[in-house]
Amino acid sequence: MNEENYNTPLDLLIHWGCYLGECGPAPGAQAGLHKLVQSLCGLQGERSQLRGELRSLHTELEQKDQDRHSRVQAFQQQIDELKHCIKEREEELARLRTESGVTDSEKRVLCLSAENESLKQSLSVTQGLLQQLSVIPSQSSSVLIQENETLRSRVQQLESSLQQRGEQLSRLERRSEQAEWRRGEELRRREERLRELQLELDKERGKEPVIKYVTQTVEVESPSTMRQLAEAKEKNEQLAEKLSNKNEKCRELEELLRHSDKVTANLRHKIAAYEVEIGKLREELLKEIGHLEEHKEEAVKAAAECSDQHLQSLQEQFTGLQQRLAALPPTLRSMKTDYASLRTQVRNFSDFYGAAVNEAKKQLSAVISEMSEANKDLLEKYRKEVALRRKYHEQLVELKGNIRVLCRVKPVLKEDQQDEGQTVVVTTDPNNESALTVMSKGKGRSFELDKVFHPHATQEEVFQEIEPLVTSCIDGYHVCIFAYGQTGSGKTYTMEGSVENPGINQRALKHLFSEIEDRKDMWSYSISVSSVEIYNEVLRDLLSKDGEKLDIKINPDGTGQLHVPGLRVIEVKSFQHIKKILAVARRNRITFGTQMNQHSSRSHALLTITVLGTDLASGAKTTGKLNLVDLAGSERVWKSGAEGDRLKEAQNINRSLLALGDVIQALRGRQTHIPFRNSRLTYLLQDSLGKGNKTAMVVQISSLERNVGETMCSLKFAQRVCKVELGPAARKIETAGQCEHLS
Ligand SMILES: Nc1ncnc2c1ncn2[C@@H]1O[C@H](COP(=O)(O)OP(=O)(O)OP(=O)(O)O)[C@@H](O)[C@H]1O
């Protein structure tokens with residue numbers, strides 16, 4: 001298709017669309033095409049708008065058609081009436097014809113009826129035209145114009161037929177005048193004849209005496225003459241009668257003629273009225289046609305202007321597109337060259353890649369062999385490093401003292417603020433992590449411990465302080481960590497914690513598992529746990545469902561070690577497993593309510609973790625033990641208001657705590673006899689509390705004034721413990737089947 005052959009912008013668009021399809025679309029050209037299509041869509045929209053306008057014009061025309069139709073119907077009705085009149089006249093004329101026979105007036109009537117017939121025909125023509133007028137189809141503007149044209153010609157036809165009718169009417173009038181004149185003439189003749197007859201009659205009457213005489217003579221002379229005379233008289237009478245009849249009929253005919261004249265005049269009026277009506281209709285039609293033509297011309301003009309503008313803009317866009325398309329081929333050529341060079345590069349790349357991979361493999365194997373050599377050295381260094389770290393760690397722990405006393409101040413909770421005596425009497429020193437002051441009876445009393453945790457210290461901060469002890473357990477030390485303090489001071493919170501914020505127990509196990517993981521290249525470890533509670537000096541297994549009572553005995557293997565027959569010891573494989581075990585122990589722990597704490601635990605709870613280690617290189621074995629103890633509340637009996645069973649519970653708790661105090665006292669005094677057996681608690685902790693072991697006690701205190709007595713007691717106990725020296729800790733390591741205590 002040449003550019004000159006493009007009839008519409010759409011043709012152009014299709015042509016360029018095809019061109020782009022062949023050459024591959026350039027982004028600019030595509031955008032241009034898109035714009036072209038958009039503008040074409042706009043044009044289409046305008047065209048449909050114009051169509052809408054034409055449609056509204058069409059409906060207007062339809063309405064007018066309806067009006068015209070109704071008028072035509074009225075016209076039809078009048079025509080029907082006219083027809084009816086004509087029929088009546090015909091009937092009348094027929095009647096007249098039968099009555100009076102063929103006379104001149106009859107001929108005139110026949111003539112009139114013929115005229116009437118032609119009038120009828122013209123009326124039926126008009127009627128047909130009007131019917132055709134009433135069914136003008138209205139579809140499109142061009143058809144409408146054609147129809148208007150037809151309508152106009154029909155109106156003209158109608159006019160000409162009306163004119164014909166007018167002429168016919170005037171002819172009729174003339175004929176009717178002639179007929180009237182003839183009738184007048186006839187009448188005149190008849191009157192003259194009548195007058196003549198009258199005159200003859202008068203003459204005859206004037207001759208009566210002669211006739212009388214004759215009659216008399218006849219009478220005298222001839223009876224036959226007399227009879228003839230009588231007959232003549234009779235005939236005369238009959239003639240006179242006939243004459244009067246004829247006169248009567250003439251009058252009637254005259255009457256009828258007058259009536260017919262009236263009807264004709266009426267008809268003429270009606271026709272004039274119709275002519276006026278038709279004239280009006282014609283004017284209206286012409287006006288409408290003119291109006292429509294104006295509208296049509298305006299709309300066509302506006303559409304043409306609009307489409308011209310669009311065409312212009314499309315042409316501009318098209319020129320822009322052409323320019324862009326002209327610039328495309330060089331770009332495409334350069335892109336093709338780039339593509340070809342890229343393809344060759346890609347083809348060569350696999351060879352290049354294979355060679356590079358082989359080279360890299362060689363380099364890597366060389367590096368790996370170098371690394372393995374270096375690793376051996378590093379491993380050796382690491383072993384020395386670990387040994388050194390352990391040595392320094394031990395030195396550090398020993399420097400800190402093998403029994404460490406930590407104090408944690410419980411924060412003032414919402415529930416604590418409800419009762420009286422909520423003044424805070426304990427203050428910590430931000431510059432000295434070991435000191436705290438208690439206001440009691442108006443005096444401030446200062447205490448010096450290994451570490452004081454302020455009320456807002458986190459579980460993690462507390463554990464960090466304990467962590468070295470937990471680590472030393474892996475190295476084969478016996479460690480005992482216990483929480484001491486009055487009921488509700490936060491012992492269970494510090495040891496067990498909550499699900500979302502776990503305490504020392506869970507954190508210690510987690511730490512053990514991570515340490516074991518770190519050492520797995522050199523050591524293999526197994527961890528087992530057991531859990532007991534001491535309630536009213538009775539030992540119960542917290543991991544057993546039935547909670548049977550247990551006893552502490554000397555191991556029959558001759559090592560002198562204590563053991564609890566029947567105690568459930570579970571080997572723990574993962575941290576998730578230990579979580580479940582701890583949950584079971586928590587559930588089984590007996591709790592009773594007292595006045596001091598609604599959910600107070602009235603028993604000592606012990607979680608014992610045994611860590612057995614084997615050095616993968618030397619085969620040496622270590623046994624570490626970590627005792628985590630949540631002691632029962634330390635409050636004085638009188639304050640708890642206990643009676644009966646609760647009193648017994650309180651007494652047993654206090655006795656065991658006293659025994660713990662005695663053991664610590666004996667250790668402090670370096671006595672030869674340490675009274676471990678005075679309570680189940682001290683007896684059970686014997687191998688972890690004594691000489692050569694590591695101990696940490698977390699003293700829990702309340703900072704509120706109402707608990708100041710218990711706080712002072714706990715702190716005095718803590719201070720006593722603080723002065724205890726357990727001597728250098730001993731590592732439990734077994735070489736070649738014998739157990740040594742290394743200092
Ligand atoms: N540091 C703390 N931060 C927030 N809440 C704490 C803290 N210490 C204790 N509590 C809360 O105080 C309440 C009593 O604590 P907990 O049960 O640990 O006391 P307890 O000394 O173990 O009592 P009992 O001797 O009766 O077992 C608990 O609701 C606990 O959550």
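- In the annotation of an unreviewed UniProt entry, the protein is listed under the name Kinesin-like protein and assigned to Aldrovandia affinis.
- Turning to the protein, the UniProt record has this under Sequence similarities (unreviewed entry): "Belongs to the TRAFAC class myosin-kinesin ATPase superfamily. Kinesin family."
- Looking at the protein in UniProt, the text filed under Function (unreviewed entry) is "Minus-end microtubule-dependent motor protein. Involved in apically targeted transport. Required for zonula adherens maintenance."

### Description of the overall build of the protein
- When you go through the protein residue by residue, the secondary structure sums to 15 helices and 17 strands.
- The 743 residues of the protein split such that 23% are buried.
- For the protein, restricting intrachain contacts to residue pairs at least 6 apart in sequence, the fraction spanning at least 24 positions comes to 70%.

### Things to note about the nonpolar core
- Cys-407, Ile-481, Met-697, Val-699 and Ala-718 are the most contacted members of the largest nonpolar core, which totals 76 residues.
- Residue contacts for Val-699: discarding those within four places in its chain leaves Val-405, Cys-407, Tyr-484, Gly-485, Ser-714, Leu-715 and Ala-718.

### Describing helix 12 (residues 644-668)
- The end-to-end C-alpha distance of helix 12, which contains 25 residues, comes to 36 Å, matching closely the 36 Å that a straight helix rising 1.5 Å per residue would cover.
- Directly beyond the C-terminal end of helix 12, a positive phi value near 50° is found at Arg-670.

### Side note on unusual backbone geometry
- Even without being glycine, Lys-441 reaches a positive phi, approximately 50°.
- Checked against the element boundaries, Lys-441 lands in the loop between strand 3 (432-440) and strand 4 (443-448).
- Residue classification places Lys-441 among the exposed residues on the basis of 7 C-beta atoms within 10 Å.
- Of note, the phi angle at Asn-536 is positive, near 50°, even though the residue is not glycine.
- Looking at where Asn-536 falls in the secondary structure, it is placed in the loop between strand 7 (523-535) and strand 8 (538-541).
- Accessibility expressed as a C-beta count within 10 Å gives 15 for Asn-536, which makes it partly exposed.

### Quick word on the sheet that holds strand 3
- Reading across the sheet, the three strands line up as 2-3-4 and stay open at both edges, with antiparallel pairing between neighbours. If you trace the sheet from one side to the other, it starts and ends with strand 2 (426-429) and strand 4, each paired once. For this sheet, the mean angle separating the axes of adjacent strands, direction not counted, is 25°.
- Two strands pair when backbone bridges link them, and strand 3 and strand 4 are joined in this way by six bridges, in the antiparallel orientation.

### Quick notes on the pairing of strand 7
- Alignment of strand 7 against strand 13 (residues 604-615), held across 12 bridges, turns out to be antiparallel. By the bridge assignment for strand 13, Trp-523 is matched with Asp-615.
- For strand 7 and strand 12 (residues 570-572), the ladder comprises three bridges, and the chain directions are antiparallel. The residue bridging Ile-527 from the neighbouring strand is Val-572, located in strand 12.
- As paired elements, strand 7 and strand 8 share four bridges and run antiparallel to each other. Counterpart to Ile-534 in the pairing with strand 8 is Leu-539.

### Focus on helix 9 (residues 504-518)
- When the terminal C-alpha atoms of helix 9 are compared, their 21 Å separation across 15 residues agrees well with the 21 Å that a helix rising 1.5 Å per residue should span.
- The complete set of buried residues in helix 9 reads Ile-504, Asn-505, Gln-506, Ala-508, Leu-509 and Leu-512.

### Let's talk about the confidence of the model for the protein
- Overall, the prediction assigns the protein a mean pLDDT of 77, with 73% of residues at 70 or greater.
- Within the protein, the element-level pLDDT minimum falls on strand 17 (residues 738-742), averaging 36, and the maximum on helix 8 (residues 491-495), averaging 94.
- Segment residues 208-219: pLDDT under 50, and six contacts once partners within four positions in sequence are set aside and those in other chains are kept.
- Here residues 736-743 scores under 50 on pLDDT; set against residues more than four positions off or in separate chains, the count is 12 contacts.

### Description of the packing of helix 9 against helix 10 (residues 575-588)
- Contact geometry for helix 9 and helix 10: axes closest at 10 Å, N-to-C directions at 155°. Classified by the angle between their axes, helix 9 and helix 10 sit roughly antiparallel to one another. The crossing of helix 9 and helix 10 is right-handed. Counted together, Asn-505, Gln-506, Leu-509, Lys-510 and Phe-513 of helix 9 and Phe-575, Ile-578 and Leu-582 of helix 10 form the full contact between these two elements.
- Taken together, the residues that form the contact of helix 9 with helix 10 break down as five nonpolar, two polar and one charged.

### Remarks on the packing of helix 7 (residues 459-474) against helix 9
- Following both chains from N to C, one finds helix 7 and helix 9 inclined at 50°, their axes separated by 10 Å at the closest point. Considered as vectors, helix 7 and helix 9 are oriented oblique to each other. By crossing handedness, the relation of helix 7 to helix 9 is classed as right-handed. Touching Val-462, Phe-463, Ile-466, Glu-467, Val-470, Thr-471 and Ile-474 of helix 7 are Ile-504, Arg-507, Ala-508, His-511, Leu-512, Glu-515 and Ile-516, all from helix 9.
- When grouped by side-chain class, the residues that make up the contact of helix 7 with helix 9 number nine nonpolar, two polar and three charged.

### Points about the environment of Gly-690
- Secondary-structure assignment places Gly-690 in the loop between helix 14 (686-689) and strand 15 (694-702).
- The class for Gly-690 is buried, based on 20 C-beta atoms found within 10 Å.
- Residues Gly-690 and His-478, spaced 212 residues apart in sequence, show a C-alpha to C-alpha distance of 9.5 Å.

Reading guide: rules and limits
- Residues numbered from 1 in each chain as written.
- Predicted model: local features only at pLDDT ≥ 70, side-chain atom pairs only at ≥ 80, totals over all residues.
- UniProt positions renumbered as here; feature names shortened; annotations may be inferred.
- Helix = DSSP H or I, 4+ residues; strand = E, 2+ residues; numbered from the N terminus.
- Buried ≥ 20, exposed ≤ 12 C-beta atoms within 10 Å, placed from the backbone.
- Contact = placed C-beta atoms within 7 Å.
- Core = buried A, V, L, I, M, F, W, Y, C linked by C-beta atoms within 7 Å.
- Expected span 1.5 Å × (residues − 1).
- Pairing = 2+ DSSP bridges.
- Axes fitted to C-alpha atoms, helices over the stretch in contact; angles between N-to-C directions.
- pLDDT = per-residue confidence, 0-100.
- Parallel < 35°, antiparallel > 145°, perpendicular 65-115°, else oblique.
- Left-handed = near helix turned anticlockwise from the far one by under 90°.
- Nonpolar A, V, L, I, M, F, W, Y, C, P; charged D, E, K, R; others polar.

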